[in-house]
Amino acid sequence: MSLIRLLQRKPDGEIVFREPTSGEVPAYAILSHTWEKDEVIYQDLKKGKDKSKAANKAGWRKILFCAKQAAVDGLEYFWVDTCCIDRKNAVELGAAINSMFRWYQNAARCYVYLSDVSKPDTEVDGQRAWEEGFRKSRWFSRGWTLQELLAPRLVDFFGSEGERLGSKLSLESQIYEITGIANKALRGNKLSSFSIKERRSWAEHRNTTIEEDAAYCLIGIFDVSMVPNYGERKNQAFRRLEDEIHRLYKGVDLEKFTVGLDLVSFPTATQFVAREKELSKMYELLYSYNSRSYVVLHGLGGIGKTQLAITYAKRHKEKYTAIFWLNANDEDSLKLSFRDIAQQVLRHHPSTSVLSNVDQDTDLDQVVRVVKAWLDFPQNTRWLMIYDNFDNPKTPGNPDGSAVDIRQFLPRSDHGSIIITTRSSQVGQGERIRVQKLPDVREGLEIVSNISGRRGIENNPDAIALVKELDGLPLALATAGAYLEHVTTSFSDYLRLYKISWLKLQTTSPLLNSYEDRTLYTTWQITFDRIQQQNRASAKLLKLWAYFDRQDLWFDLLRHANSADKWIQKFTKDELNFNEAMALLCSFGLVDLDQSPRQQVGARGYSVHSCVHSWIVFVLNKEWDKSLAHLALTCVASEVPDTNKKHWWLLQQRLLQHLARQTPFIVDAKVDIDELYWGFHNLGDLYSGQGKLAEAEAMYLRALKGYEKALGPDHISTLDTVNNLGNLYKNQGKLAEAEAMYLRALKDYEKALGPDHTSTLLTVNNLGALYKNQGKLAEAEAMYLRALEGKEKALGPDHTSTLNTVNNLGALYSDQDKLAEAEAMYLRALEGCEKALGPDHTSTLDTVNNLGNLYKNQGKLAEAEAMYLRALEGYEKALGPDHTSTLDIVNNLGNLYSDQGKLAEAEVVYLRALEGYEKALGPDHTSTLNTVNNLGNLYSDQGKLAEAEAMYLRALEDYEKALGPDHTSTLRTVNNLGALYSDQGKLAEAEAMYLRALEGCEKALGPDHTSTLDTVNNLGNLYKNQDKLAEAEAMYLRALEGFEKALGPDHTSTLCTVNNLGALYSGQGKLAEAEAMYLRALEGCEKLLGPDYTLTLDTVNNLGNLYSDQGKLAEAKVMYLRALEGYEKALGPNHTSTLRTVNNLGILYQSQGKLAEAEAMYLRALEGYEKALGPDHTSTLLTVNNLGILYQNQGKLAEAEAMYLRALEGYEKALEPNHTSTLDTVNNLGALYSDQGKLAEAEVMYLRALEGYEDSLGLKLASSYLPALTTMFALGDLFSETDRKDMAMAMYIRALSGYTTVQGPSSNWCRQLEDRLQALQVASAESKVGQNECTEPGVARSSSLKQKLCKLRKRLNIK
């Protein structure tokens, strides 16, 4: 490379040359641009020259730009082609042309200055403008700029103003569209890895000012050197360039050994796709000038090894003097291939003496020797030999006499390149590249589309399903395409036929030119025959695989097989024999190590490709073998782990896919099930542990039937299954069926084992859990106490089973709000577990977790967090971070953080739990769905209502699928959807959800169950929001009566309903009744939970609201300040509950006329909400709206309008334009515009609000909805003020009717409306008198009406 002359910008700003030296070149920037008139040249900047002339040239601007940008990037030196080369010196110019690619390549940064691209100051339109100019820039059409784009690592683009447009990386997609240059080339991949043809194509549409430069500008692109000879003409320059390229790749003696590519000798290659990674690796390994290079393409038959080799040969054919294809299937085929090579060479070089004197028909061994001799010539170094289908290599363990020793057919010299394709991993020559299935579904779709001729299938779900089933195997994809080309069969029908009539479908598919010697169903038969020759156990193992899933087969699973077959015995009795059998299958590419992403426990398994598995099922096992099916089922049933085993759930997951394969055998009677009842019991445990409850039920019922038949209905094993069925039914929400199972098990255990046997007591304990779920808390307590007494007697007070019941009693007492008793139970259980098992045992940690739950319910959030974190740390240590028990704690932490208002932290832990559950248990497991439901709750609290709805709908769909539509978990999510729809203002949908939940709970749990009553309470909330106050009261009173009966008058659920009744009575104007309810709730909460518990503080806050409504502002302030102090202490100053009270204080101060204090409260609430919930949460927007009201009262009408508009925009985005909160803000805007005298705008707002209320709620409900009535009142005033008396009267009458219905005829609003109606009637009567006196119409009439209305308002004290 020639020495480089650089420019240097000195500290004083002077620009001077740094002349070339042989020392180390400093870091420099380099400029790329297009030459224009008046460029600065070398002679302008020579030492001693006056630079003022250069500075006056147009090109000086580019030099200054480059200098300044280099300085910004910390570079002192830079290079500009116009002035850093002495173009009058032919020697220097020639050296520079040959070095320029490397100069750009070595630059620290390259700046592309586009003088024809301008970047305006405006953002959006400016972006479009400069992008259009960028695409049309002259720079992309010039020859020399090609290497300036590709050589540098870092390229930045700038417009004519010097503003940065982007980098080569950020603008990659646009550059690709403009130039067609492959992304890998733009990213810096070696240019030699691209074919000569492709590189030449990059310059096809580029121009140069001097015609010879069209060739010279490609010198660096092809990494050659040649002396420029201006005047030789373009064609001659390209001829010399081609010669240099061929010498580089093929050597100086290329003419003597060049043999044109003979495609006839190659197999047919069709529809090759992708494999760019493998092609790049092949080039990297093969293209060496110095020594022999080998690549072995190894993989499953039909995976595309031959196609890959053909594609490589075609892509890089210019780089080899000769490429020869050989069939290495056997020795005879190889010898015939060598004869073809000899004939090809002689066609191109007839005088080649070493070949011309051989008898090619009779002495093929001699032909092999002389061809190898020709390949060994020292000057013949650039050939490529491809040995295809070398599938039967001669190895020490291969007894096949026809196996090939390929060493006899390899040239001896240490040059040239060789590719070998093989199914065998025992080929030892060269570097191996494992050719695997196509990883991208789109690649499979491309093959099927191209061969079938069916276009536009990229988004066809049936085509995608088919391609996924064929799992990236090119031969299978091509076979499907060939079949579909000639028939009208749909993709879905082909997939159906593939699954049920695989062999017939394959035998009737057309032959493929590219696989002319084999089909999909025969391609692995030759391999299987060779395997059977070498190890019968391997062949038998492959046949047995038909009765397992294709993925994840391992020794410990198969060791349970008890077979009379000696070959099965061989690989199931000894792990070394199993490894030997599996290794042979792997060496032929039929089997691979399992690559499934699931978390592993135990030894890693093996897998077969889905198409190979279909071949095993339909070809190797053409006749169904019931004994092998029974053997496989026995293996799975025997491997089901006990839930006390470490990582049991992961082992269950590994087994689940095999059981899914085998369950149809049972259903379709394709396996002998005699004496398999023990297995069905285990398989029921497996399905139950994985949350597949319907499948578990079917297995348990089969087990029960078998046990009853074989052992009798009262046998202990029978009763164990009965007990497990009870557990299952309980988990399914079939509580009556569960109770029947438990009672049967209990009765017969007592009869067989006695009332105090541990098995009996276990069922007693289970009955307690069932009664607890049914809300029969007294019965549950009786069961638990019986179990506890029995276990203490039989096992002792400190036995872990005893402590388990103690723990259960703690949970029961917690539900009964007997929090002190609950804590005593938990602490006893904890102390006992720590003593018996240690502080880190999982049973100990279970109790720690329960204590966390208790403290959370008591409002002791810091203590709860400490318990959860201790449990979490212990579980992570004992079970790992992904164990389901660990994830349960993570989920509980999410609940706690949500209660604490730490919503971001809650989301993080919920997402961790969700990801862990999905990985450990699958996306449809009930534990997964519980977290999905919790995420829905969180998103609802955050105001992310669309995301919340998505979570709830996902949970609901999968609960219905897993547990049924009437399960309590399903109904809980239905209830949550009701609450969400209520928040969204979708009140009809909310009511439908609540009614469905109520009906389901009443059916499943009874009308008095606490879950039923929770839904009744929620319906009360909904009816209250709909202003159906009578219906709301009925719901609340039903809930209250039920809670008092089930839980007692002082239970938190009872007190919550009392609190809700207080809110209802407050809304009805029954303020005395409301106060009585709130005081009862407050007294109960203080007694039960303490004065500082959050539920207590909620009631205090509500009392503040009530006193505010009663005009008892001093008492209201006391309540609010108490609530605020308590919230700040319990939850922190930024919790949403704290901020709600801050907001309420703002309203109070506004009512007291303390507007500055009100503003301070609102601003604090606003800042807190924005930080905690975001600027668009509905709670944030409510405070924004309140600020609007405050500013309106302060006369700051512009600020008020800004607040209202922000609130309106936020509500429309978060809740839709017809949500009641949105419409309330619309109404407020109407009031503001009315105050501003913008009556037309006010009318628009009022009408929009009223129309929205009617659309959202329905005409009937809107006529009794208080905010809608307020809007009617305001519209009446507006119509009255604008002399539209009839319209005003209609609005007043409608509003009066609504207020009378809701608040009664004596309410303040009704009296005001009656006064307004009376005033209108008086004015109307006087107007008629005026008309009779024939006074001038118009002004007098209007003035008279206004004056009389004004007088009447003063007299009636109407504001």
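The structure under discussion appears in the preceding block.
The structure presented is a predicted model; accordingly, all values stated were derived computationally and were not measured. (Residues numbered from 1 in each chain as written. Predicted model: local features only at pLDDT ≥ 70, side-chain atom pairs only at ≥ 80, totals over all residues. Heavy atoms only, no water.)

K.L.:
Which parts of the structure should I look at to understand the overall build of the protein chain?
P.N.:
Each helix and strand in the protein chain was counted, giving 63 helices and 14 strands. A principal-axis box enclosing the C-alpha atoms of the protein chain has dimensions of 130 × 105 × 65 Å. Out of the 1359 residues belonging to the protein chain, those deemed buried represent 54%. Pairs at least 24 residues apart make up 64% of the contacts formed inside the protein chain by residues separated by at least 6 positions. In the structure as shown, the protein chain presents an accessible area of about 58,700 Å², 49% of it carried by carbon and sulfur atoms. (Helix = DSSP H or I, 4+ residues; strand = E, 2+ residues; numbered from the N terminus. Buried < 20%, exposed > 50% of the residue type's maximum accessible area, 1.4 Å probe, protein only. Contact = heavy atoms within 4.5 Å. Areas by Shrake-Rupley, 256 points an atom, 1.4 Å probe, with all protein chains shown as cover.)

K.L.:
Please clarify how the side chain of Asn1228 should be interpreted in this entry.
P.N.:
Position of Asn1228 among the secondary structure elements: in helix H57 (residues 1220-1235). What makes Asn1228 buried here is its relative accessible area of 15%. When sequence neighbours within four positions are dropped, the list of residues in contact with Asn1228 reads Asn1185, Ile1189, Gln1192 and Tyr1204.

K.L.:
Looking at this model, I keep getting lost on the sheet that holds strand S10 (residues 383-388). Mind explaining?
P.N.:
By way of backbone hydrogen bonds, the strands of a sheet pair with one another, either parallel or antiparallel. Taken in spatial order, the five strands make up an open sheet running S9-S10-S11-S8-S12, and their pairing is parallel. The open sheet is flanked by strand S9 (322-327) and strand S12 (431-434), the only strands paired with a single partner. Averaged over neighbouring strand pairs, the angle between their axes works out to 20° when direction is ignored. Taken together, the four bridges between S10 and strand S11 (residues 417-422) define a ladder with parallel strand orientation. Residue pairing in the sheet places Met385 in a bridge with Ile418 of S11. Where helix H13 (residues 276-286) meets the sheet, its contacts fall on strand S8 (293-298), S11 and S12, and the angle it forms with S8 comes to roughly 155°. Along the sheet face, helix H15 (residues 331-348) touches S9 and S10 and points at about 155° away from the line of S9. (Pairing = 2+ DSSP bridges. Axes fitted to C-alpha atoms, helices over the stretch in contact; angles between N-to-C directions.)

K.L.:
Teacher, can you tell me more about the layout of surface pockets here?
P.N.:
Estimates place the volume of the second largest pocket at around 1,200 Å³. Listed by contribution, the elements that provide at least two residues to the lining of the second largest pocket are helix H4 (90-106), strand S6 (155-158), helix H8 (183-186), helix H9 (196-201), helix H11 (234-250) and H13. Here the lining of the second largest pocket takes five residues from H13, the largest share from any one element. (1 Å grid on protein atoms, 1.4 Å probe; cavity = no way out; pocket = protein on both sides within 12 Å on 5 of 7 lines; lining within 4 Å. Points joined across faces, edges and corners; volume = space filled by probe spheres on them.)

K.L.:
Just to check I follow, could you spell out a positive patch on the surface for this structure?
P.N.:
A grouping of Lys46, Lys49, Lys53 and Lys88 is seen on the molecular surface, where their side chains present a positively charged patch. Relative to the helices and strands, Lys46 resides in the loop between strand S3 (28-32) and helix H1 (52-55). Accessibility expressed as a relative area gives 37% for Lys46, which makes it partly exposed. (Patch = residues over 30% accessible without salt bridge, like charges linked within 9 Å, V, L, I, M, F, W, Y side chains within 5 Å. Salt bridge = Lys/Arg side-chain N within 4 Å of Asp/Glu carboxyl O. Lys, Arg positive; Asp, Glu negative; His and termini not counted. Charge placed at Lys NZ, Arg CZ, Asp CG, Glu CD.)

K.L.:
Teacher, can you tell me more about the nonpolar core here?
P.N.:
Inside soluble globular proteins, nonpolar side chains tend to come together where they are buried. Ranked by size, the top nonpolar core spans 378 residues in total, and within it Trp79 and Phe157 carry the most contacts. Not counting the four nearest positions on each side in its chain, Trp79 is found in contact with Ile4, Arg5, Leu6, Tyr28, Ala29, Ile30, Leu31, Cys84, Ile85, Met100, Trp103 and Tyr104. With 32 residues, the next largest nonpolar core counts Leu326, Val345, Trp374 and Val404 among its residues. (Core = buried A, V, L, I, M, F, W, Y, C linked by side-chain atoms within 4.5 Å.)

K.L.:
Explain the pairing of strand S7 (residues 164-167) to me, please; I cannot follow it from the model alone.
P.N.:
Residues in a regular strand point their side chains to alternate faces of the sheet. Pairing geometry for S6 and S7, over three bridges, is antiparallel. Bridging across to S7, Phe157 finds its partner in Gly166. The loop that links S6 with its antiparallel partner S7 comprises five residues; one of these, Gly162, has a positive phi angle of about 85°.

K.L.:
Quick question: what am I supposed to make of the packing of aromatic side chains here?
P.N.:
We describe a pair of aromatic rings using the distance from one ring centre to the other and the angle between the two ring planes. Tallied over the entire structure, the rule returns 32 aromatic pairs. Arranged with centres 6.2 Å apart and planes meeting at 75°, the rings of Tyr547 and Phe665 form a pair that is edge-to-face. With Tyr547 in the loop between helix H24 (536-544) and helix H25 (555-558) and Phe665 in helix H30 (residues 648-667), the pair connects residues that are 118 residues apart, well separated along the chain. As far as the burial class goes, Tyr547 and Phe665 line up, both buried. By way of ring pairs, the aromatic residues Trp130, Phe134, Trp139, Phe140 and Phe157 are connected into one cluster. The ring centre of Tyr77 lies 5.9 Å from the NZ or CZ of Arg18, which sits over that ring. (Phe/Tyr/Trp six-rings, centres within 6.5 Å; stacked < 30°, edge-to-face > 60°. Lys NZ or Arg CZ within 6 Å of the ring centre and 35° of its normal.)

K.L.:
Just checking my understanding: could you explain helix H49 (residues 1052-1067) for this structure?
P.N.:
Its 16 residues place the ends of H49 23 Å apart at the C-alpha level, agreeing with the 22 Å of an ideal helix rising 1.5 Å per residue. With 13 of 16 residues buried, H49 is to be regarded as a mostly interior element. Trailing H49 by a residue or two, Gly1069 shows a phi angle of about 80°, which is positive. (Expected span 1.5 Å × (residues − 1).)

K.L.:
Just checking my understanding: could you explain the pattern of salt bridges for this structure?
P.N.:
Two side chains carrying opposite charge are able to pair once their charged atoms lie near each other. This structure, assessed with the given rule, holds 60 salt bridges. Between Glu739 and Lys776 there is a salt bridge; the shortest N-O distance is 3.9 Å. A residue pair is termed long-range when its members are at least 10 positions apart, and Glu739 in helix H34 (residues 735-753) and Lys776 in the loop between helix H35 (758-773) and helix H36 (777-794) qualify at 37 residues. Accessibility expressed as a relative area gives 17% for Glu739, which makes it buried. Assessed through its relative accessible area of 30%, Lys776 is described here as partly exposed.

K.L.:
Is there a simple way to explain unusual backbone geometry in this structure?
P.N.:
Most of the time, phi is negative for any residue but glycine, and the peptide bond is trans. Positive phi is not limited to glycine here, since Arg233 has a value of about 80°. Here Arg233 is to be found in the loop between helix H10 (213-216) and H11. A relative accessible area of 54% means that Arg233 is categorised as exposed. Positioned with a positive phi, Asp552 is a non-glycine residue whose angle comes to about 65°. Tracing the backbone shows Asp552 in the loop between H24 and H25.

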